[in-house]
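Tertiary structure, described
These are the residues of each chain, in order.
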Amino acid sequence: MVAVVTTLPHIENLPGWLSLVCGMALFARAWLWLRNGRLPRWWLLAPLVLAGAAGIAWQYHSMFGRDPGIALLVFFMAFKPMEMTTRRDGMVIIMLGFFLLLTHYFDTEGIAAGFWILASATLLTAALLRMYGGAQPIPGVFRYSALLIAQALPFALILFLLFPRVEGPLWGMPQDTYTGLSGLTEQMSPGSLNNLILSHDIAFGVQFETDMPGRSQLYWRGPVLDSYDGRTWRTSLTSNPHSGNKPVTIETTGEARIGYTIILEAHNRRWLLALDLPVELPEGATLTPTFVTRSRMPIRFRTRFTFRSVPDYVVNREEAPHILQQAVRLPLRLNPRTRELAESWQRELTDPEQISAAALRFFREEKFSYTLNPPQLGANAVDEFLFDTRQGFCEHYAGAYVTLMRAAGIPARVVIGYQGGELNPVDGYLKVRQSDAHAWSEIWLEGKGWKRVDPTASIAPSRIEQGIEAALPESDSLPALTRFDGGWLLRLRYRWEAVNNTWDLWVLGYNPERQLETLSLLGMEDPDWRSMVSAMMLASGIALFLIVCWTFFRRTKFAPEVRIWRRLCARLERFGIRRAPWEGPLDLAARVARERPDIAPLINRAASHFAELRYGTGPLEHSREHLHALRDCVKEFASLNLHHSLRH
Amino acid sequence: MLSTPTHAASVADVIAAANRIILGKDGQVRLALACLLARGHLLIEDLPGVGKTTLAQTLARLLGLQFSRIQFTSDMLPADVIGVSIYDRERNAFRFLPGAIFSQVLLADEINRATPKTQSALLEAMEERQVTVEGETRPLPEPFFVIATQNPSTQIGTFPLPESQLDRFLLRVELGYPDRAAERELLESGGRRDVLPALTARLAPEQIVPLQQAVDQIHVSPALFDYVQALVETTRTRPRFIHGLSPRAALALLAVARAWAFLASRKMVMPEDVQAVLPSVACHRLQLADGNGHARPEDIASLIRSVPVM
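Predicted model only: the values in this text are computed from it and were never measured. What you see as residue numbers is a count from 1 along each chain, following the sequence as written. Naming scheme: in the order in which they are written, chains are lettered from A and ligands are numbered from 1. Since the coordinates come from a predicted model, pLDDT governs what is reported: local features require at least 70, and pairs of side-chain atoms require 80 or more to be given and counted, while whole-chain, interface and lining totals use all residues. No hydrogens and no water enter the side-chain calculation; it runs on all heavy atoms of the structure.

Here the focus is the overall build of chain B. When you go through chain B residue by residue, the secondary structure sums to 12 helices and 9 strands. Only heavy atoms matter for contacts: two residues are in contact if any of them lie within 4.5 Å across the pair. For chain B, contacts bridging at least 24 residues in sequence account for 77% of all contacts bridging at least 6. Total accessible area on chain B is roughly 13700 Å²; 53% of this is exposed by carbon and sulfur atoms. A run of DSSP states H or I qualifies as a helix once it reaches four residues; a run of E qualifies as a strand once it reaches two. Both are numbered from the N-terminal end. Residue exposure ignores everything except the shown protein chains as possible cover, and the areas themselves are Shrake-Rupley values with a 1.4 Å probe.

Below is the structure:
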């Protein structure tokens, strides 16, 4: 049971054969248990286990490291019950279980995992209790175990709030932390976005301060790619902060300013995503000459950023010459047909806006189609795409459009980021997934600055208005959840995600920065780790005290005679006589008579008064007399006490 | 109805006299008497020859009660215990010949040698305090006190009493070997059986029922009820025992504790009384979870130690 619960969540991360073997081992053990069968002998188990360990070593090319380590533990966990005969074996399984439980956090930090682990810990504790407490009734063991866990929770909370934080994921291990973070890269080559779009991972979440702007406004600006080598679009050095750059000048044309908070997943890069175009940046972030928001440090854990953006803007009416030069550069001798087309437009039309319109019309009127599975392209990629295959998605259209513009002498560049997102109607939280990745273009027009142009919108307007799932033909495959149909299931999913968002925001998003916020709420300005540790100790101490008080007061609502009797018994301890909890007054008096005959008469008297009060039949006024008499005994005893201690 | 001091004096007299016959077994004598006063029946489980019969006879004599004895064997029938109706040729009618059970103190010797059928006939009569033979219900004499003896069930040829039957015995005591001094005295003075006929009754039979009523009047305070309940609840949650004590067992515990307090000339029950009688009340009603039969006095002692008195 324990083994099943602790190994189960690991199954998805293990190689298939291992899951199968472990499942079979556990199943066999359960079968043996039900049938009261004999456990297999060691000579059967030992080769099996060795073979399994060898298999793991072969699979991971190592026995050391996180993943092979977990796999090995899971494997042992599945086989250990086969030789569980003594209490020590049970102990090993339970301890292994606790450890495996902890390793779940390597894979997930979600709320469901949290509850699963809490439940499993309760089960493990119950198993431990039952192992040491004998064959107790199972509900009672679970109640007790749950009580223990519940008592631990306040301390867990205190440690969570006050334990000095280090940056990084909650359970990250150093060498594994920053590998495998997916997301946009600062370059775009054929197929690079394609892979991303197939991923259902969350890129970031957005909480708007006001109403969410229309979907077609939701361009989340990421890196700007202004250098093209015929195959890959990259960010050139000119877009880095540079002494020759003019400061970014943004003129807002509309009234609207949109405030929002982005909860960005770790992507291990310095650029941030912001709604096109940000005017107020989070602290420490800067806007590059190509209007990309950059933070000081790579984003290595989920972080919150607060922005303010304007949807209608005119930016950099005047642009630095080197940036404009970079924005018309094209690889020589590549894509001749494209150049020809662009130059023909340039001859016919003088106005750059008309040229841009011509390009968009070209996309719309020729037989272009939107698909995630475009054919492979050769050396003259843009030529082949524009004149031969005519199948592609945002990266193709954005790339081809920018190439066309540059060929026509108009400064243009590719912007990548995300478009749209999924709004949870329950809490108004917009979730942007990797599948919302998008590429669009920008052109610079004299006197009008940089303008966003999204060629994909002219081919597949539904991509922009409704999202990727609407734009694709049915035959294209997408992650299952993306094509979720409506109904109660969807509402349920929205609710669940709303809960998860809160969890992300308050539990997983509790980073050093938020910890400082919490601490300043508690009146601790600028704490160092020492004061944090002492606050932690203090809070734990208070919690412990409260729990002890609670149990104490719950247990002991003592009648007055019991309080007095206890006081007397406490005094008696100085005479070396300690009343056992189960000892009645008469037995105690008898013992005192044996061990300390000198004080026996007094104790005898007190015991008989106490017995009358506690167990007797007397009427009320009678009991008052006894109470007084008992008090007098205690006083007398106290003076006697003093006398005796002086004598000793 | 006699006043309590007189009661106490007469009872103390009985105990003192019994202790002169049964040497070194004050606790068991008191328990047996408490059992009688609490209107219960007593089961003595021990090896042959440790004084089971002597104890029963002594009590009967000292209390002035009519005594009879049944030696159980495996071929004994219920009719042998209860009685039988035989045809009286002269009166041309059936006449009931009462069995040994129609006496005030019945010593049922080696009850676990009898077959379950005979055992249950006796035990039913004990519970109902009446016997129904051929449709006619006959009350048993008052007071009616059964002292059954049982050999340890490890001996061969025994039918161990089932749980439900054991529960009908208010107390179970073990006599055990006498200590060295008591045994020496016994050896010097010769067997006890010869002395028995010379014993005079210290109480009249009609005095027993008022004594029993006086025991019922012993006060039990709420604090003591709490304590008894705590003890009983602990037996129910302890993994050491298969089942806990039943409510009937709790009632039995209180009844014996009252009688014990009465024997100590107290007007109220103290936790010490409960603790003193608990092993005899609980041992034969609690089965150990490890399959080693009934609870031992050590188990009860640890039970007592785990329940605070207040």
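Having put the structure on the table, let's press on.
Moving on to the packing of helix α20 (residues 560-572) of chain A against helix α22 (residues 600-615) of chain A. Residue and element names in this part refer to chain A. Whenever a helix is involved, its axis is fitted only over the stretch in contact; in every case the axis is a line through C-alpha atoms, and angles between N-to-C directions fall within 0 to 180 degrees. With their axes 10 Å apart at the nearest point, α20 and α22 run at an angle of 155° to one another. As the angle between them shows, α20 and α22 are arranged roughly antiparallel. For the element pair α20 and α22, the recorded crossing hand is left-handed. Contacts between α20 and α22 involve Glu561, Val562, Trp565, Leu568 and Leu572 from the former and Ile603, Ala606, Ala607, Phe610, Leu613 and Arg614 from the latter. For the contact of α20 with α22, a count of residues per class yields 9 nonpolar, no polar and 2 charged. Reported orientations rely on four angle classes, namely roughly parallel under 35 degrees, roughly antiparallel over 145, roughly perpendicular from 65 to 115, and oblique for the rest. If you view the pair so one helix is near and one far, a crossing is left-handed when the near helix is turned anticlockwise from the far one by less than a right angle, and right-handed when it is turned clockwise. Amino acid classes used here: Ala, Val, Leu, Ile, Met, Phe, Trp, Tyr, Cys and Pro are nonpolar; Asp, Glu, Lys and Arg are charged; the rest, including Gly, are polar.

Another point: the environment of arginine 571 of chain A. Here arginine 571 of chain A shows up in helix α20. In this structure the C-alpha to C-alpha distance between arginine 571 of chain A and valine 634 of chain A, which are 63 residues apart in sequence, comes to 8.6 Å.

Now for the interface of chain A and chain B. Taken together, the contact between chain A and chain B spans 23 residues of the former and 18 residues of the latter. Between chain A and chain B lies a buried interface of about 1700 Å² when both sides are counted; carbon and sulfur atoms form 67% of it. When residues of chain A are sorted by the area they lose upon contact with chain B, Trp582, Arg614 and Tyr615 of chain A head the list and together hold 43% of the total. If one sorts the elements of the side of chain A that touches chain B by residue count, α22 of chain A sits on top with 5 residues. When the residues that make up the side of chain A that touches chain B are grouped by side-chain class, the tally is 11 nonpolar, 6 polar and 6 charged. Accessible area that two parts lose when put together, evaluated with a 1.4 Å probe and summed over both, is termed the buried area.

Okay, the nonpolar core next. Nonpolar cores were defined as sets of buried Ala, Val, Leu, Ile, Met, Phe, Trp, Tyr and Cys residues, with membership established by side-chain atoms within 4.5 Å. Type-normalised accessible area, obtained with a 1.4 Å probe on protein chains alone, sets the label of each residue: buried when under 20%, exposed when over 50%, and partly exposed for intermediate values. Ranked by size, the top nonpolar core spans 106 residues in total, and within it Trp565 of chain A together with Leu33, Leu42, Ile147, Phe262 and Val274 of chain B carry the most contacts. The element best represented in this core is helix α10 (residues 247-263) of chain B, accounting for 12 residues. Grouped together as the second largest cluster of nonpolar side chains are 76 residues, Ile355, Phe368, Tyr397 and Leu404 of chain A included.

Moving on, we come to a nonpolar patch on the surface. Only residues above 30% relative accessible area that lack a salt bridge enter a patch, with like-charged residues linked at up to 9 Å and the nonpolar side chains Val, Leu, Ile, Met, Phe, Trp and Tyr linked at up to 5 Å. Put simply, a salt bridge is a Lys or Arg side-chain nitrogen that is within 4 Å of an Asp or Glu carboxyl oxygen. Taken together, the side chains of Trp42, Trp43, Leu44 and Leu48 of chain A present a nonpolar region at the surface, about 510 Å² in accessible area. Tracing the backbone through its elements, the reader meets leucine 44 of chain A in helix α3 (residues 42-60).

It is worth spelling out α3 of chain A at this point. Residue and element names in this part refer to chain A. Every helix has an expected span of 1.5 Å times one less than the residues it contains. Over its 19 residues, α3 runs 27 Å from end to end, which matches the ideal 27 Å to within 8%, given 1.5 Å per residue. Every buried residue belonging to α3 is among Leu45, Gly52, Ala53, Gly55 and Ile56, and all of these are buried. Burial along α3 is one-sided: seen end-on, the buried residues are contained in an arc of 155°. Across from the buried face of α3, at angles greater than 90 degrees, the exposed residues are Trp43, Leu50 and Trp58. Residue histidine 61 follows α3 closely and has a positive phi angle near 60°. Taking the helix axis as origin, the arc is that swept by the directions to the C-beta atoms.

Glancing now at the pattern of salt bridges. Here the structure, examined in full by the defined rule, presents 35 salt bridges over all chains. Here aspartate 388 of chain A makes a salt bridge to arginine 337 of chain A, at a shortest N to O gap of 3.2 Å. Here aspartate 388 of chain A is found in helix α12 (residues 381-389), whereas its partner arginine 337 of chain A is found in helix α10 (residues 336-348), with 51 residues between them in sequence. Between arginine 113 of chain B and glutamate 110 of chain B there is a salt bridge; the shortest N-O distance is 3.3 Å. The partly exposed category is assigned to arginine 113 of chain B, whose relative accessible area is 22%. Overall, glutamate 110 of chain B belongs to the buried group, its relative accessible area being 18%.

This part covers the confidence of the model for chain A. Residues and elements named next belong to chain A. When pLDDT is averaged along chain A, the result is 77, and 83% of the positions lie at 70 or above. Along the chain, pLDDT gives the predictor's confidence residue by residue, from 0 to 100. In this model residues 168-180 is a low-confidence stretch, pLDDT under 50, and it forms 18 contacts with partners more than four residues away in sequence or in other chains. Contacts from residues 479-484, a stretch scored under 50 in pLDDT, to residues over four places away or in other chains number 16 contacts.

Attention shifts here to the packing of aromatic side chains. Paired rings are identified among Phe, Tyr and Trp, the last through its six-membered ring, by centres lying within 6.5 Å, and are further divided according to the angle between planes into stacked (under 30 degrees), edge-to-face (over 60) and tilted (the rest). Scanning the model with the defined rule gives 22 aromatic pairs over all chains in all. Ring plane angle 15° and centroid distance 4.3 Å describe the contact between tyrosine 228 of chain A and tryptophan 233 of chain A, whose orientation is recorded as stacked. Residue tyrosine 228 of chain A shares its accessibility class with tryptophan 233 of chain A, and that shared class is buried. Residues tryptophan 565 of chain A and phenylalanine 610 of chain A carry aromatic rings whose centres are separated by 4.6 Å and whose planes lie at 5° to one another, so their mutual orientation is stacked. Remark: phenylalanine 610 of chain A occurs in helix α22 and tryptophan 565 of chain A occurs in helix α20; sequence separation between them is 45 residues. As far as burial versus exposure is concerned, tryptophan 565 of chain A and phenylalanine 610 of chain A are alike and both buried. Grouping aromatic residues by their ring pairs yields a cluster made of Trp345, Phe362, Phe363, Phe368, Phe385, Phe387 and Tyr397 of chain A. Positioned over the ring face of phenylalanine 96 of chain B is arginine 138 of chain B, at 3.9 Å from the centre of the ring. A ring is considered to have a charge above it if a Lys NZ or an Arg CZ atom is located within 6 Å of its centre and within 35 degrees of its normal. Lying over the aromatic face of tryptophan 582 of chain A, arginine 305 of chain B brings its terminal NZ or CZ to 5.9 Å of the ring centre.

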